[in-house]
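Residue-level structural notes
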Amino acid sequence: MNRIYEDIKKAKGYGRLSDEDRDKRNFSMESNSISSQRTIIEQFCDEKNIINTGYYYDDGITGQTFERDGWNQLIRDIEAGLVDCVITKDLSRLGRDHTETGYYIEKYFPEHKIRYISINDNWDSKYDSVDLILWKLAYNDVYCADISRKIKSNLNSKKRLGLYMGSFAPFGYVKNKEDKHYLEVDEQTGYIVKEIFELAYSGLGTTKIANILNEKKYITPGAYCKRVRKDRRISDLVGEIWTTGMVRRILTNEVYMGDLTQCKIKKASYKSKKTIRNDRSDWIIVKDTHEPLVSREVFESIQKMLELSQKKYSRLPGEKHLLGKLLHCKDCQHRIAIAWKNPKKHEQGRNGVCNFYKKYSKHKVCTPHYIDYDELETQVISYIKMISRKYIEKIDTPSFIKDNYKNLQEKIREKELQSRRNKNELEKAEMFMMKLYEDKLNGDLDLSIYRTLSEKKSKELDTFREQQKKIEKDIALLHEKLDKDKHKYNDIKNILNGFLNSELITQDLIHQIIKRIDVGENNEIDVLFNIEELAEFKV
C-alpha cells in the first residue's frame, strides 16, 4: 500500500536517551544517541517530503516514566494545536512502560488527531494495526523488568563485597577520589559527628545535643548537601536547624562504627518511585569497611541509652486528646503539641503550640500558633456534626439519587440497545449461513461460490460474537460501578450517622472523617477530610 504523507503539515520529532542506553552506547549503541535519533528522523522526513517543524528530546531519562521536560513540552504543543504528527526513531524512544505508552498510542494520540510514526518499527498509526505495536510494547515492558533485575543483582553483588553504592556519602564522610566505592572521613563534617557521639555518651539527650549544635551553628546534613555538595535534588526548605530527629538518625546509623549497611530500603517495583523499608534480615551488612567515627563499644552503649530514654506513656480514656494526631502547624507543617495549662489541675484546660517553635524558639524558627485546645475540640466536633447533617440531607433527596446515577444508567441503556442491535445482526448472519448451506445441498449454489461466501460470512459471525462479548462485559462493569457508587454513599452515610449518634466520641470516629487540621498563627483553621465528598460543604 502506498502511504501518503502530504497531509502532514506540523510534524514533530522526539528523541530520548536513558542512562542505561548511554552506558551501552560505548559498546554498540551509538545509534541511540540523541543526535543520531534526530538525524534519522530528519532523513525520514526529507525522503517522504514531510514538513518537520521541530524536535524535542530528553537526555538521561528512563523510558519507564513520562515525567520528562522534553516530552511535557511536546504534550503542551499538542494541546495548543501546534502538532499533527509525532515521529520517533523506534517505539522504545517513546517509552518502555506498557501501560502509559499504550495509553498515548491507543487513546491520547487518536483523541487529539495525532498521527504517530515509529521509523525502525515501520509502523504508522494511519495505516497499521495497533495489535502489532501493543505486542512490541509488551516486549519492551519485559525488557525493562529484565534490565531492572540485572542492575539490582549487579549492585547487590558489589555491596556484598563491601563497596559503597550510594549516590552520596553519609554526613561525616566523603567518597575516595580514586575509588568512589570507598568512604573516607570528611574533614569538614567528621568532627561534628564525633562530637554528637561524645555528647550522647556523656549522658545528654537528643534535644540537648540539638540545642548545643545549634548554638555552635554547626551545619546540618541537609544544608551541607544543598550548599556544599550542590545537590539540586535537596529542597530549598531543607532544615537549617538541628532537630532531635537529625541527631537520633546519626546516633543510630551503623555506618559510623565502620560498617556498611546497605539495602535498607527498596522500590515497590521497577515501575514505581515509592520505596518501602526492608526487614533487617534483608539488609546487606559488611563490617569494618572504612574508618569509624565512634568505637563499636560506645555505639552499642548509646543504643541501650536511647532505648531506655524512650518514654512510654499510658493515658486514661479521659486524658486522650481527640485531635492530637491531626493538628499541624500551617506554616512549618510540624505537629501542634498539646499540654495541660496546669498539669495538677486539668479542669483549667489545655493549650496547643507549634512543637517546632516550642523546641527551637530561640533559633527564631516558626511562631507559637497558640490555641485553646478545648475550645478548638468543641468547635471541630460541632463542625463535623453540621457538615455530616448537610451531607446526609443531600444524599437522601430524590434529586441527588436521580442526578448522581443518571449518567451511568444512560450508559447502561446505550450499551443494552447496542447489544440488542448486535444480536439482531448476529441472528441474520446465522440465518444467512443456514440458507447458504441449504442452497449448496440442493445444488442451487456452486461449491466455489459457497466457500467464498461462507468464509466471508464466518468472519462476520466471529466479529459479531466478539463484539457481543465486549458489550456484555461493558454492561457488567457499568452495573458493578453503579452498585459500588450506591454502596459508597451508603458507607459514608453510615460513618456519619455513627458519629452523630455516638454518645462517646473517639479518635477512631474522628479519623474516619478528618485527615488533618492545619492551624494558622491567627487561629485560622483548615480542615482536610478523609471523605472527599464532604469538601463541598466546607465553610
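These numbers were taken from a predicted model, which means no experiment stands behind them. (Residues numbered from 1 in each chain as written. Predicted model: local features only at pLDDT ≥ 70, side-chain atom pairs only at ≥ 80, totals over all residues. Heavy atoms only, no water.)

A look at the overall build of the chain
On a plain count of helices and strands, the chain comes out with 16 helices and 17 strands. If you take every contact in the chain between residues at least 6 apart in sequence, the share linking residues at least 24 apart comes to 65%. Accessible area of the chain: about 32,600 Å², with a carbon and sulfur share of 50%. (Helix = DSSP H or I, 4+ residues; strand = E, 2+ residues; numbered from the N terminus. Contact = heavy atoms within 4.5 Å. Areas by Shrake-Rupley, 256 points an atom, 1.4 Å probe, with all protein chains shown as cover.)

Thoughts on the pattern of salt bridges
Enumeration according to the criterion identifies 24 salt bridges in this entry. A salt bridge links Arg296 to Asp288; the nearest nitrogen and oxygen atoms lie 3.1 Å apart. Here Asp439 makes a salt bridge to Lys435, at a shortest N to O gap of 3.1 Å. Of this pair, Asp439 and Lys435 both sit in helix α14 (residues 398-441), 4 residues apart, roughly one helical turn. For Lys435, a relative accessible area of 45% translates into the label partly exposed. Each of Asp7, Arg115, Asp124 and Lys126 takes part in salt bridges that share partners, so that together they form one network. (Salt bridge = Lys/Arg side-chain N within 4 Å of Asp/Glu carboxyl O. Buried < 20%, exposed > 50% of the residue type's maximum accessible area, 1.4 Å probe, protein only.)

Overview of the packing of helix α8 (residues 206-215) against helix α10 (residues 244-251)
Between α8 and α10, the shortest axis-to-axis distance is 8 Å and the interhelical angle comes to 105°. In terms of orientation, α8 lies roughly perpendicular with respect to α10. Contacts between α8 and α10 pair Thr206, Thr207, Ile209, Ala210 and Leu213 from the former with Thr244, Val247, Arg248 and Leu251 from the latter. Looking at the contact of α8 with α10, its residues break down into 5 nonpolar, 3 polar and 1 charged. (Axes fitted to C-alpha atoms, helices over the stretch in contact; angles between N-to-C directions. Parallel < 35°, antiparallel > 145°, perpendicular 65-115°, else oblique. Nonpolar A, V, L, I, M, F, W, Y, C, P; charged D, E, K, R; others polar.)

Let's talk about a nonpolar patch on the surface
Residues Phe432, Ile449 and Leu453 make up a contiguous nonpolar surface patch of roughly 240 Å² in combined accessible area. Leu453 sits in the partly exposed class, given a relative accessible area of 32%. (Patch = residues over 30% accessible without salt bridge, like charges linked within 9 Å, V, L, I, M, F, W, Y side chains within 5 Å.)

A word on unusual backbone geometry
Negative phi values dominate among residues other than glycine, just as trans dominates among peptide bonds. One non-glycine residue with positive phi stands out, namely Cys366, at about 55°. By the element assignment, Cys366 lies in the loop between α12 (355-360) and β15 (371-372). The phi dihedral of Asn523 falls on the positive side, at around 70°, and the residue is not glycine. Structurally, the position occupied by Asn523 is in the loop between β16 (514-519) and β17 (525-529).

Side note on the nonpolar core
In summary, soluble globular proteins display a tendency toward joint burial of nonpolar side chains. Formed by 73 residues in total, the largest nonpolar core has its most connected members in Trp242, Tyr256, Leu327 and Ile514. Discounting residues that sit within four places of it in the chain, Ile514 has contacts with Leu326, Val380, Ile384, Val527, Leu528, Phe529 and Asn530. Judged by nonpolar contacts, the second largest core, of 21 residues, contains Tyr56, Ile78, Val86 and Ile114. (Core = buried A, V, L, I, M, F, W, Y, C linked by side-chain atoms within 4.5 Å.)

Describing the packing of aromatic side chains
The geometry of an aromatic ring pair comes down to the distance between the two centres and the angle between the two planes. Under the defined criterion, the tally for this structure stands at 21 aromatic pairs. The interplanar angle of 45° and the centroid separation of 6.3 Å between the aromatic rings of Tyr103 and Tyr108 together place this pair among those described as tilted. Residue classification places Tyr108 among the buried positions, given a relative accessible area of 5%. Ring geometry for Tyr173 versus Tyr256: centroids 6.0 Å apart, planes at 15°, classification stacked. Of this pair, Tyr173 sits in strand β6 (residues 173-175) while Tyr256 sits in the loop between α10 and β8 (260-262); the two residues are 83 residues apart in sequence, bridging distant segments of the chain. (Phe/Tyr/Trp six-rings, centres within 6.5 Å; stacked < 30°, edge-to-face > 60°.)

Digging into the sheet that holds strand β14 (residues 350-354)
Read from one edge of the open sheet, 3 strands run β13-β14-β15, paired in antiparallel fashion. Both outer strands of the open sheet, β13 (336-340) and β15, are each paired with one neighbouring strand and no more. With 2 bridges joining them, β14 and β15 adopt antiparallel strand pairing. Its bridge partner being in β15, Gly352 is matched across the sheet by Ile371. (Pairing = 2+ DSSP bridges.)

Notes on the sheet that holds strand β3 (residues 85-88)
The mixed open sheet is built from 5 strands, whose spatial order is β2-β1-β3-β4-β5. Two strands close off the open sheet at either side, each with one partner strand: β2 (52-59) and β5 (123-124). Two strands pair when backbone bridges link them, and β3 and strand β4 (residues 115-118) are joined in this way by 4 bridges, in the parallel orientation. Across the sheet, the residue bridging to Thr88 is Ser118, located in β4. Strand contacts of helix α3 (residues 69-79): β1 (11-17), β2 and β3, with the helix running at about 150° to β2, the strand carrying the most contacts.

Quick notes on the packing of helix α7 (residues 190-201) against α8
Close contact between α7 and α8 brings their axes to 10 Å; oriented N to C, the two are set at 140°. In terms of axis orientation, α7 runs oblique to α8. Crossing hand, α7 versus α8: right-handed. Here Ile192, Ile196, Leu199 and Ala200 of α7 come into contact with α8, specifically with Ile209, Ile212 and Leu213. (Left-handed = near helix turned anticlockwise from the far one by under 90°.)

Section: the confidence of the model for the chain
Low pLDDT marks regions whose predicted coordinates should not be analysed in detail. Residues with a pLDDT of 70 or more make up 88% of the chain, whose mean pLDDT is 83. For the chain, per-element mean pLDDT is lowest for helix α1 (residues 19-25), which scores 50, and highest for β3, which scores 96. Contacts from residues 23-31, a stretch scored under 50 in pLDDT, to residues over four places away or in other chains number 11 contacts. Segment residues 311-319 is flagged for pLDDT under 50; beyond a separation of four residues in sequence, or across chains, it makes 2 contacts in the model. (pLDDT = per-residue confidence, 0-100.)

Considerations on the environment of Ser167
If you trace the backbone, Ser167 turns up in the loop between α6 (130-160) and β6. The spacing of Ser167 and His181 is 14 residues in sequence and 9.9 Å in space, taken between C-alpha atoms.

A look at α7
The first and last C-alpha atoms of α7 sit 17 Å apart over 12 residues, in line with the 16 Å expected at 1.5 Å per residue. Along α7, the residues that are buried comprise Gly190, Ile192, Val193, Glu195, Ile196, Phe197, Leu199 and Ala200. Following α7 by one or two positions, Gly203 adopts a phi angle in the positive range, close to 110°. (Expected span 1.5 Å × (residues − 1).)

Quick word on the state of the cysteines
Per the counting criterion, the structure on display carries 0 disulfides. Cys366 provides the cysteine sulfur closest to Cys329, a residue in no disulfide bond, and the two sulfurs are 3.5 Å apart. With relative accessibility at 0%, the residue Cys329 sits in the buried group. (Disulfide = S-S within 2.5 Å.)

What about the side chain of Gln262?
Within the element layout of this structure, Gln262 appears in strand β8. Ignoring sequence-local partners within four residues, the contact set of Gln262 consists of Lys159, Leu163, Tyr164, Met165, Gly166, Trp283 and Ile284.

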